[in-house]
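# A closer look at the structure
Each chain is listed here by its residues.
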Amino acid sequence: MRSPLTRLSPGDRALVRRRLRTPFLTFLALLALLAVNVTLGASLPFAHVWIVELAVVGLMVAIILLVSMEVRKEPPLIRLFSGLGFFWVCILFGMTLTDFLAR
Amino acid sequence: MNSRGAAHHDGAKVGIELAHHFETVEQQRYAATLGIWAWLLTELLLFAALFLTALILRVTHPEAVKLATGHLKFWIGAVNTVVLICSSLTMSAAIEFSRMGWQRAMVRAMLATAGLGTLFLLLKGYEYYADYEEHMMPFLSRRPYELHESPASRLFVNLYYVATSLHALHLFTGIGLLLGMTWMAAKAGFLARHQNWIEVYGLYWHFIDLVWILAFPILYVVNRGA
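Residues numbered from 1 in each chain as written. Chains lettered and ligands numbered in written order. Predicted model: local features only at pLDDT ≥ 70, side-chain atom pairs only at ≥ 80, totals over all residues.

## Topic: the overall build of chain B
On a plain count of helices and strands, chain B comes out with six helices and two strands. In chain B, the order of α-helices and β-strands from amino to carboxyl end is β-β-α-α-α-α-α-α. When each of the 226 residues of chain B is scored for burial, the buried share is 44%. Taking contacts inside chain B between residues at least 6 apart in sequence as the whole, the part at least 24 apart equals 73%. (Helix = DSSP H or I, 4+ residues; strand = E, 2+ residues; numbered from the N terminus. Buried ≥ 20, exposed ≤ 12 C-beta atoms within 10 Å, placed from the backbone. Contact = placed C-beta atoms within 7 Å.)

What follows is the structure, encoded as structure tokens:
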């Protein structure tokens, strides 16, 4: 059992860098997108800023699903399962809001 | 032990102990992943209904929702989002270390994840305390409600407590499960038999993060300009 935290060989350091590159880039992307939303929420630069904020959230959710939860690497059945859940949520939101927004 | 598909990396042996009702390790791995996704989809529908209610309240009572949102602790919510994004990084690191067979690093990453989850709950607790001090708990019948002149705001504030406390309950459960799994994962031979447990649990943790990624903008952010 080895710890990457103490006395890593150059080979181990390269291995850690290679294996943690994607999680770290994902982390940076999520922080950057959160910074965009927090800035927009704090400053409210224009009237319909919520459209941009929800678009940013959609991007964050897609990154978590595809990269952090590794859906893109899963076999077709699991990809279908994970996608279907959000498909049903879209139907739920779409049909309900159609009623309220059309009144 | 019927261990098939095991592989050696730089550290501990990594693999999955084949259960008798599966034909191959890959079949067992996919079944476990599909199972956790089935559970996560039920959770998604649960939280989606709450978020949909928040959006309907925004459409039907925009002024009351904006008034109530003005009393939410926007910056604590933002910091808590950063905390959960950090915990997703440590969870991803734990999964990678488990695949590499670096058991001690994996255990430390799991403990860091649990620590960050606990920090989130502490900040959430402080936020609730601040809300209590500001008389922003309309469900307390003996305590005056700050926005009593806006009855519709009660709907949004109550929904805020239901959604955030439900998320906090999931996080609390998740921390308990994570600590239990960390205790098991620290034992010799764990990674040789149950490496995929870390990956399956990681999906749950990332999903809790995903729910908050949705909750923060829907409750705290988009309604500021309603």
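Once the structure has been displayed, the description carries forward.
## Describing the overall build of chain A
Check the secondary structure of chain A and you find three helices and zero strands. Counting from the amino terminus, chain A carries its helices and strands in the arrangement α-α-α. Over its C-alpha atoms chain A spans a radius of gyration of 20 Å, topping by over 25% the 13 Å that the globule rule assigns to 103 residues. When its C-alpha atoms are laid out on the principal axes, chain A stretches across 65 × 40 × 15 Å. The buried share of chain A, reckoned over its 103 residues, is 17%. (Rg over C-alpha atoms; globule rule 2.2 N^0.38 Å.)

## Looking at the domain arrangement of chain A
When the parts of a complex come together, some accessible area is lost, and that lost area is often used as the size of the interface. Taken as a whole, chain A is organised into domain 1 (1-68) and domain 2 (74-103). Here the C-alpha centre of domain 2 of chain A lies 25 Å away from the C-alpha centre of domain 1 of chain A. (Domains from an automatic or database assignment.)

## Notes on the interface of chain B and chain A
Contacts between chain B and chain A engage 43 residues on the former and 43 residues on the latter. Elements with a minimum of two residues in the side of chain B that touches chain A: α1 (25-60), α3 (74-100), α4 (103-133) and α6 (190-221) of chain B. It is α1(B) that provides the largest number of residues to the side of chain B that touches chain A, a total of 13 residues. Considering only residue class, the side of chain B that touches chain A consists of 28 nonpolar, nine polar and six charged. (Nonpolar A, V, L, I, M, F, W, Y, C, P; charged D, E, K, R; others polar.)

## Describing the packing of α3(B) against α6(B)
Residue and element names in this part refer to chain B. At a minimum axis separation of 9 Å, α3 and α6 run at an interaxial angle of 165 degrees. It follows that α3 is roughly antiparallel to α6 by the angle criterion. In this structure, the crossing between α3 and α6 has a hand that is left-handed. Contacts between α3 and α6 involve Phe-74, Gly-77, Thr-81, Leu-84, Ile-85, Ser-87, Ser-88, Met-91, Ala-94, Ile-95 and Ser-98 from the first element and Leu-191, Gln-195, Ile-198, Glu-199, Gly-202, Trp-205, His-206, Asp-209, Trp-212, Ile-213, Phe-216 and Tyr-220 from the second. A breakdown of the residues in the contact of α3 with α6 according to their chemical character gives 13 nonpolar, eight polar and two charged. (Axes fitted to C-alpha atoms, helices over the stretch in contact; angles between N-to-C directions. Parallel < 35°, antiparallel > 145°, perpendicular 65-115°, else oblique. Left-handed = near helix turned anticlockwise from the far one by under 90°.)

## Things to note about α1(B)
Compared with an ideal rise of 1.5 Å per residue, which puts 36 residues at 52 Å, α1(B) spans 52 Å between its outermost C-alpha atoms and is within 8% of the ideal. Of the positions making up α1(B), those classed as buried are Thr33(B), Trp37(B), Leu40(B), Leu44(B), Phe47(B), Leu50(B), Phe51(B), Leu57(B) and Arg58(B). (Expected span 1.5 Å × (residues − 1).)

## Looking at the environment of Tyr160(B)
Relative to the helices and strands, Tyr160(B) is located in helix α5 (residues 151-185). Excluding residues that lie within four positions of it along the chain, Tyr160(B) makes contacts with Leu72(B) and Leu219(B).

## Side note on the confidence of the model for chain B
Residues and elements named next belong to chain B. Chain-level pLDDT for chain B is 92 on average; 94% of the residues reach the 70-or-more range. Low pLDDT (under 50) marks residues 1-9, which in the prediction has 26 contacts with non-local residues, meaning those over four places away or in another chain. For this predicted complex, the interface confidence reaches an ipTM of 0.90, while the overall pTM sits at 0.91. (pLDDT = per-residue confidence, 0-100.)

## Re unusual backbone geometry
Phi at Leu44(A) is positive, roughly 45 degrees, even though this residue is not glycine. Along the polypeptide, Leu44(A) turns up in the loop between α1 (10-43) and α2 (49-68). In this structure Leu44(A) comes out as exposed when scored by C-beta crowding, with 12 C-beta atoms within 10 Å. Even without glycine at this site, His135(B) takes up a positive phi of about 60 degrees. Mapped onto the elements of the fold, His135(B) is located in the loop between α4 and α5. In this structure His135(B) comes out as partly exposed when scored by C-beta crowding, with 15 C-beta atoms within 10 Å.

## Notes on the nonpolar core
Counting residues in hydrophobic clusters, the biggest one holds 70 residues, and the most contacted among them are Ala94(B) and Met106(B). Mapped onto this core, the elements with two or more residues apiece are α1 and α2 of chain A together with α1, α2 (62-69), α3, α4, α5 and α6 of chain B. Among the elements that take part in this core, α6(B) stands out by supplying 18 residues, more than any other. In this structure, Ala94(B) is in contact with Met106(B), Ala109(B), Met110(B), Thr113(B) and Ile198(B), ignoring residues within four places of it in sequence. (Core = buried A, V, L, I, M, F, W, Y, C linked by C-beta atoms within 7 Å.)

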